[in-house]
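Given next are the chains, with one letter for each unit.
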Amino acid sequence: MSVPFAVRIKTNRTDRHITHLVRDLSFREVAIGGWANATFSLDHPLSFQPDEIAPFGRAYIYDRRDGQVVWNGRLEDPGSGADASGEVWHLTAMGPSAHARDTVTPRYYVDTRAERFFVGITSTKHCEVSSRGEDDPAITMRVAQGSNWLVNEAGLVVWSGANDAGQTLARVSVAWDGGFTSSNNEVRLATSTLPAASVTRDSASLSTAGGTLVCALGGALPTGEDAVYLRTIRLTSNFIPVNDDTFWAEFTNFVVRTRLKNASGANINTGYSGNTIRADQVINDLLGDVLTEYDGPNALVDTTTHAIDHLVYPDGVAPADIFDDMMTFEPAFRWGAYEYGPTDLARFEWTTWPSTVRYECTAQDGIDLPSSAAQLYNRVRVRYVTANGTRKTIQRTAAVPELDDEGVVREADLDLGDNAGTLSNAQRAGDEFLTQHASPPAAGTLTIARPVYDLAYGRMVQPWELKAGELIRIRDVMPRSAALTATGRDGISVFRIASKEYNTDTASARLDLDTQSLSTAKALADLAKLKTSRRRR
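All values reported here derive from a predicted model rather than from experimental measurement. (Residues numbered from 1 in each chain as written. Predicted model: local features only at pLDDT ≥ 70, side-chain atom pairs only at ≥ 80, totals over all residues. Heavy atoms only, no water.)

Asker: With reference to specific residues and values, describe helix H2 (residues 279–289).
Answerer: In an α-helix there are 3.6 residues to a turn, and that puts residues three or four apart on one side. Among the 11 residues of H2, 8 are classified as buried, and the element is accordingly described as predominantly covered. For H2, the set of buried residues is Ala279, Asp280, Val282, Ile283, Asn284, Asp285, Leu286 and Leu287. (Buried < 20%, exposed > 50% of the residue type's maximum accessible area, 1.4 Å probe, protein only. Helix = DSSP H or I, 4+ residues; strand = E, 2+ residues; numbered from the N terminus.)

Structure representation (structure tokens):
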């Protein structure tokens, strides 16, 4: 190789530097996700498989000038072949970002759906349990007319999502109302650890005044519970003849929250006073519970602000897909996984996008800027699912001068499915989508084959040292005074590095600017991701 790199592979059989065997080396970093993939070839006989070639072995690329890790990841299935230059093994490795798709599991954070409560097997036959409503769903327990309501006869519904997902409860809140007032009848909120019997955590005498039942960690709710029970029950031994339609209790405004972990993996047992969750809390929980190859205790996770009022994945989800949903609500943030640290765990970041220029360069090595107005939208229609399971849409609008001045209306389609679909979430997602599509992205490419100036370090850096996600100013593109002094992305001379791919054959880095380049490969990848997302929903 003509660049000062060293390559090392570590498997369960060997730990070896193989720099002298390597050719055709390239590696890639993306702004969302961090270190992505690498490919290289080894000049090695095909008559046997070397110890250093094994699926899921670790690959490291170092800068020999200072020993810094340039890229690392896990090997995938190797290929082999022969050509005029000899016998060769072709290796592909995936960066630490791939770990965010290793595990697919059900996940509940905040559930507001009436449809996930089911009628319990001990629910009395005389007590009819039904649901009604659309935007304000309810579960109604009504004792049939012509029957007698006997002692301990009860209507019962059960929620067991936390048990299904291997999680536990942190907070349960539900509003209730009654058709008549009587101290001989109660509404109850109970919990249990399945299959143990339930224990009442909050209750009230049935009345037409209604109220709210609540239990939470740090209060009446003990740790480890994973099922919720809602009951209406007759207490006294004197039966009631049911002769009109007032013998009912109704439950609404369901909120079930699960217990979170911090990024170090410790359970959080306090602080569940509200019915919503933030994106940074979700990120920390994933680091502490699912993403075991990331260095959770030392992760950088910035705090977010939006209150998410519904977030569930009953059919299973990969953490990377949850990250995508979090960035829908918090587009000022991104995630990335990078080098393995001393504990052999990857560094992780959930941070805001850089907002000031870091690199200064020229276009002399090659540039292509096919800006596309296809990404401009002044309307978006957002699909979501109500708390009662009804599919609905809302339309959000925004001013986009390039479209408005010509009288053009362009409407995008955004589907939240039922994982994060509520009215407030849909409004937030639609507004943030329009903000991100109010100006055309450059969608271009820039080639860098020489050192560029790094304003953060105050020195020249090599092309492979450029960081995806940072802002770069190209000084000879439309070099007017305003462009040369711009501090934020403007799509004219200042661009965001969406991805970087460095190739040792050309000793150059190819940068995708603002968005990934408009290529057939990207279009197919986006289509595959869309199909996967729709299957999840």
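Once you've had a look at it, read on.
Asker: I'd like to hear about the sheet that holds strand E29 (residues 391–397), residue by residue, with values.
Answerer: On the basis of which strands lie adjacent, the open sheet formed by 3 strands has the order E29-E28-E30 and mixed pairing. Looking at strand neighbours, the two that pair on one side only are E29 and strand E30 (411–415), the edges of this open sheet. Pairs of neighbouring strands in the sheet enclose a mean axial angle of 20°, with direction left out of account. The pairing of strand E28 (residues 379–385) with E30 spans 5 bridges and is classified as parallel. Of the residues in E30, the one forming a bridge with Val382 is Leu414. (Pairing = 2+ DSSP bridges. Axes fitted to C-alpha atoms, helices over the stretch in contact; angles between N-to-C directions.)

Asker: Tell me what's going on with the packing of H2 against helix H3 (residues 319–329), and back it up with residues and numbers.
Answerer: One can describe the packing of H2 onto H3 by two numbers: an axis separation of 10 Å at closest approach and a directional angle of 170°. Looking at the two axes, H2 sits roughly antiparallel to H3. The residues of H3 that touch H2, namely those facing Ala279, Val282, Ile283 and Leu286, are Pro319, Ile322, Phe323 and Met326. Among the residues forming the contact of H2 with H3, the class breakdown is 8 nonpolar, no polar and no charged. (Parallel < 35°, antiparallel > 145°, perpendicular 65-115°, else oblique. Contact = heavy atoms within 4.5 Å. Nonpolar A, V, L, I, M, F, W, Y, C, P; charged D, E, K, R; others polar.)

Asker: I'd love a proper account of the packing of aromatic side chains, names of residues and values included.
Answerer: Summed over the entire model, instances satisfying the criterion amount to 17 aromatic pairs. In textbook terms, an aromatic cluster arises when at least three aromatic residues are bridged by ring pairs, as seen for Phe5, Phe27, Trp464 and Tyr502. One Lys or Arg, Arg58, reaches over the ring of Tyr340 and ends 3.9 Å from the middle of that ring. (Phe/Tyr/Trp six-rings, centres within 6.5 Å; stacked < 30°, edge-to-face > 60°. Lys NZ or Arg CZ within 6 Å of the ring centre and 35° of its normal.)

Asker: Could you give me a rundown of the pattern of salt bridges, with the residues and numbers involved?
Answerer: Pairing of side chains with opposite charge becomes possible as their charged atoms draw close. Evaluation of the coordinates by the stated rule reveals 30 salt bridges. Where Arg396 meets Asp431, a salt bridge forms, and the shortest distance between an N and an O atom there is 2.9 Å. With a gap of 35 residues between them, Arg396 in strand E29 and Asp431 in helix H5 (residues 423–436) connect regions that are remote in the sequence. The exposure class of Arg396 is partly exposed, given its relative accessible area of 24%. (Salt bridge = Lys/Arg side-chain N within 4 Å of Asp/Glu carboxyl O.)

Asker: A description of the confidence of the model for the protein chain should follow, citing residues and the corresponding values.
Answerer: Mean pLDDT for the protein chain: 86, with 88% of residues reaching 70 or above. The low-confidence segment residues 479–486, where pLDDT is below 50, has 11 contacts with residues more than four positions distant or belonging to other chains. Contacts for the low-pLDDT stretch residues 516–537, under 50 throughout, to residues beyond four places or in other chains number 26 contacts. (pLDDT = per-residue confidence, 0-100.)

Asker: Outline the pairing of strand E34 (residues 471–474), listing residues and values.
Answerer: Successive residues of a regular strand alternate their side chains across the two faces of the sheet. Of the two faces of E34, both are covered, the one formed by Leu471 and Arg473 as well as the one formed by Ile472 and Ile474. In terms of strand pairing, strand E26 (residues 357–361) meets E34 through 4 bridges, oriented parallel. Of the residues in E34, the one forming a bridge with Cys361 is Ile474.

Asker: I'd like to hear about the side chain of Thr304, residue by residue, with values.
Answerer: Positionally, Thr304 belongs in the loop between strand E22 (300–301) and strand E23 (311–317). Classification of Thr304 by relative accessible area gives buried; the value is 2%. Reaching out from Thr304, the side chain makes a polar contact with the side chain of Asp280 at a distance of 2.9 Å. Beyond its immediate stretch of four places on either side in the chain, Thr304 contacts Arg278, Ala279, Asp280, Glu330, Phe333 and Trp350. (Polar contact = N/O pair within 3.5 Å; in protein donor to acceptor, adjacent residues only side chain to side chain.)

Asker: Give me the lowdown on the sheet that holds strand E14 (residues 154–159), citing residues and values where you can.
Answerer: Two strands in a sheet stick together by hydrogen bonds in their backbones, pointing the same way (parallel) or opposite ways (antiparallel). Taken in spatial order, the 5 strands make up an open sheet running E10-E14-E19-E16-E17, and their pairing is antiparallel. Of all strands in the sheet, those bounded by a partner on one side alone are strand E10 (118–119) and strand E17 (199–206). Sheet analysis places E10 next to E14, joined by 2 bridges and oriented antiparallel. Among the inter-strand pairings, Phe118 is bridged to a residue of E14, identified as Val158.

Asker: Give a description of a negative patch on the surface that names residues and reports values.
Answerer: Where like charges cluster on the molecular surface, the negative patch consists of Glu402, Asp404, Asp405 and Glu406. Considering the arrangement of structural elements, one finds Glu406 in the loop between helix H4 (401–404) and E30. (Patch = residues over 30% accessible without salt bridge, like charges linked within 9 Å, V, L, I, M, F, W, Y side chains within 5 Å. Areas by Shrake-Rupley, 256 points an atom, 1.4 Å probe, with all protein chains shown as cover. Lys, Arg positive; Asp, Glu negative; His and termini not counted. Charge placed at Lys NZ, Arg CZ, Asp CG, Glu CD.)

Asker: A description of H3 should follow, citing residues and the corresponding values.
Answerer: The buried fraction of H3 is high, at 9 of 11 residues. Where H3 is concerned, the buried positions are Pro319, Ala320, Asp321, Ile322, Phe323, Asp325, Met326, Met327 and Phe329.

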